[in-house]
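# Examination of the molecular architecture
Next come the chains, spelled out residue by residue.
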Amino acid sequence: MSLNINELKKQFDDYKAKKLSLNIERGQPSGKNFDLSNPMLNSVTDKDLIAQGNIDIRNYPGGIAGLQEARELFAPVLGIKPEEMIVDNNASLRILVNTLMWGLIKGLKNSDKPWILDNKPKIITAVPGYDRHFQLLNELGFEIVTVKMTAEGPDMDAVEKLASTDEKIKGILFVPTYSNPTGDTISDANVKRLASLKAKAKDFTIFADDAYAVHHLTSDKKRPLNLLRACESAGNPDRVYLFGSTSKITFSGAGIGFMGCSADNIKFISKLMGSQAIGPNKIEQLRHVKFLNSFKGGIEGIMEEHAKILRPKFEVVQKVLNKELGGTDLATWTNPKGGYFVSLDTSKPVASRVVELVKELGVSLTPAGATFPFGKDPNNSNIRISPTRPPVEEVEQAINILALCVKIASLEN
Ligand code: PLP
């Protein structure tokens, strides 16, 4: 491996001449992942019009919480009971935003007043984190307070200090399992600390975006302690809302989003959601139920098939980074056991330069800074790698280019 700038620049020019077009920018499934679910498109016919409880899936009645069979199917994804589930339409982000909006304009179940009356209420997020979380909190008018994402989840010393002293802090939004982008999973000890936290705001709420709850890449499928159960044990049963979806189980653009919370919160939020719509799309829900229940091994079975497609891509990322950057002190990176991302930190403040350089060679990377609020990474070091969509060979080429540009940008610096 060479760190001679002239040799590196020659390699750079050679890549440039190839006029490549590679994309490791967004966490999307590949065509092969989607193909696993194609049979779902025909899984409901005119022979399936009546669901459990004599519900006609074409008509309004059926309730805001979704089909009973869908609640039963997806409850284990969040590790909770069917009666603690609301199964909605595509996109868990929409349900998350919806819940935050109700907090703002009305307050949640244990609030004395709408959060908006606090004039810039605050939400804690972990960084590096998911760009869309920052965007949605910002659009809603929350002040975003950041804590560091550690290998054991959000830095709980910082969370406790902030939440116990500031009444404007209404909650925390983070990804508990295989976080975006670091792939870190919260430890059981930190789940307990969050559940029993003595918050200044009595309606302090945990918004746990469990988008990758069942998205294991290895046979080590250990899951963190369940946040809803932990909050219940700590005497704060209404403190947490869990979110998940089938976006990376079936189709990301045509899946099912769901939410889990205490039975009392279900009552509270169902009434509000029931004022927004009569009910979710029951035909789509039944399509998912019939398809996933008939898939060999059910949801776990399809996730294993996804892992077979995704694992080689994550392995090649590690292989190339180890070969090209291992032992150079130029960067560190995560090696997640699940989820959709790898997070790389350059040792020097060169992330934006790296993204610029790889772009010159035809590689699209998530913009530098995207993993921090307002796109501003204070160290200019974090780069999110999304290896899931392109074929393995393209991932390999893109990561080789990324490693080359990390070397060039670091030497330039
Ligand atoms: N939450 C996280 C942490 C994600 O990484 C993503 C997609 O990348 C989403 C939510 C999007 O989920 P959905 O499609 O259910 O809105």
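Owing to the predicted nature of the structure, the values given are computational and were not obtained by experimental measurement.

Basis of the calculations
- Residues numbered from 1 in each chain as written.
- Predicted model: local features only at pLDDT ≥ 70, side-chain atom pairs only at ≥ 80, totals over all residues.
- Heavy atoms only, no water.
- Axes fitted to C-alpha atoms, helices over the stretch in contact; angles between N-to-C directions.
- Helix = DSSP H or I, 4+ residues; strand = E, 2+ residues; numbered from the N terminus.
- Parallel < 35°, antiparallel > 145°, perpendicular 65-115°, else oblique.
- Left-handed = near helix turned anticlockwise from the far one by under 90°.
- Contact = heavy atoms within 4.5 Å.
- Nonpolar A, V, L, I, M, F, W, Y, C, P; charged D, E, K, R; others polar.
- Near = heavy atom within 4 Å.
- Polar contact = N/O pair within 3.5 Å; in protein donor to acceptor, adjacent residues only side chain to side chain.
- Areas by Shrake-Rupley, 256 points an atom, 1.4 Å probe, with all protein chains shown as cover.
- Domains from an automatic or database assignment.
- Buried area = accessible area lost by both parts, 1.4 Å probe.
- Salt bridge = Lys/Arg side-chain N within 4 Å of Asp/Glu carboxyl O.
- Buried < 20%, exposed > 50% of the residue type's maximum accessible area, 1.4 Å probe, protein only.
- Pairing = 2+ DSSP bridges.
- Core = buried A, V, L, I, M, F, W, Y, C linked by side-chain atoms within 4.5 Å.

## Focus on the packing of helix H4 (residues 92-105) against helix H5 (residues 131-140)
Where H4 contacts H5, the two axes come as close as 11 Å, and the packing angle between them is 30°. Classed by the angle they form, the pair H4 and H5 counts as roughly parallel. H5 is crossed by H4, and the crossing has right-handed handedness. Each of Leu93, Leu96, Val97, Leu100, Met101 and Leu104 in H4 lies in contact with H5, whose residues at this interface are Arg132, His133, Leu136, Leu137 and Leu140. Partitioned by chemical class, the residues of the contact of H4 with H5 number 9 nonpolar, 1 polar and 1 charged.

## Here's the deal with the site of the ligand
Within the structure, the ligand sits among Ala91, Ser92, Leu93, Tyr130, Val175, Asn180, Asp209, Ala211, Tyr212, Ser245, Ser247 and Lys248. Between the ligand and the protein, one listed contact pairs an oxygen atom with a side-chain N or O atom of Ser247 at 2.6 Å. For the ligand, whose free accessible area comes to 400 Å², the fraction covered by protein is 91%. Its residues placed into classes, the shell around the ligand shows 6 nonpolar, 4 polar and 2 charged.

## Observations regarding the domain arrangement of the protein chain
When cut into domains, the protein chain gives domain 1 (5-27 + 300-412) and domain 2 (44-294). Between domain 1 and domain 2, the C-alpha centre-to-centre distance is 30 Å. Listed per partner, the contact involves 27 residues of domain 1 and 27 residues of domain 2. Across the domain 1/domain 2 interface, buried area totals approximately 2,400 Å², and carbon plus sulfur atoms make up 62% of it.

## Some words on the pattern of salt bridges
Taken as a whole and judged by the stated rule, the model has 26 salt bridges. In this structure, Arg58 engages Asp56 in a salt bridge whose closest nitrogen and oxygen atoms are separated by 3.0 Å. Asp56 gets classed as partly exposed once you look at its relative accessible area, which sits at 21%. With a shortest N-O distance of 3.0 Å, Arg287 and Glu284 are connected by a salt bridge. On the criterion of helical spacing, the pair formed by Arg287 and Glu284 is a turn pair, its members being 3 residues apart in helix H10 (residues 282-294). The same class applies to Arg287 and to Glu284, which are both buried. Overlapping salt bridges bring together Glu84, Arg229 and Glu232 as one network.

## Some remarks on the sheet that holds strand S12 (residues 331-333)
To summarise the sheet geometry, strands pair through backbone hydrogen bonds and adopt either a parallel or an antiparallel arrangement. Read across the sheet, 3 strands follow the order S12-S13-S15 without closing on themselves; strand pairing throughout is antiparallel. Across the chains shown, the open sheet's two edge strands, defined by having one partner strand only, are S12 and strand S15 (382-385). Across the sheet, the mean angle separating the axes of adjacent strands is 20° when strand polarity is ignored. Pairing of strand S13 (residues 342-346) with S15 involves 4 bridges; the strand directions are antiparallel. Paired with Val342 across the two strands is Ile385, which belongs to S15.

## Some points on the nonpolar core
Residues Phe74, Leu194, Ile206, Leu227 and Ile299 are the most contacted members of the largest nonpolar core, which totals 56 residues. The biggest single contributor to this core is helix H3 (residues 68-78), with 6 residues. Counting residues domain by domain, this core receives three or more from each of domain 1 (5-27 + 300-412) and domain 2 (44-294). Discounting chain neighbours no more than four positions away, the residues touching Ile299 are Leu73, Phe74, Val77, Val214, Ile249 and Leu292. Of all hydrophobic cores here, the second largest spans 46 residues; its members include Ala211, Leu365, Ile385 and Leu404.

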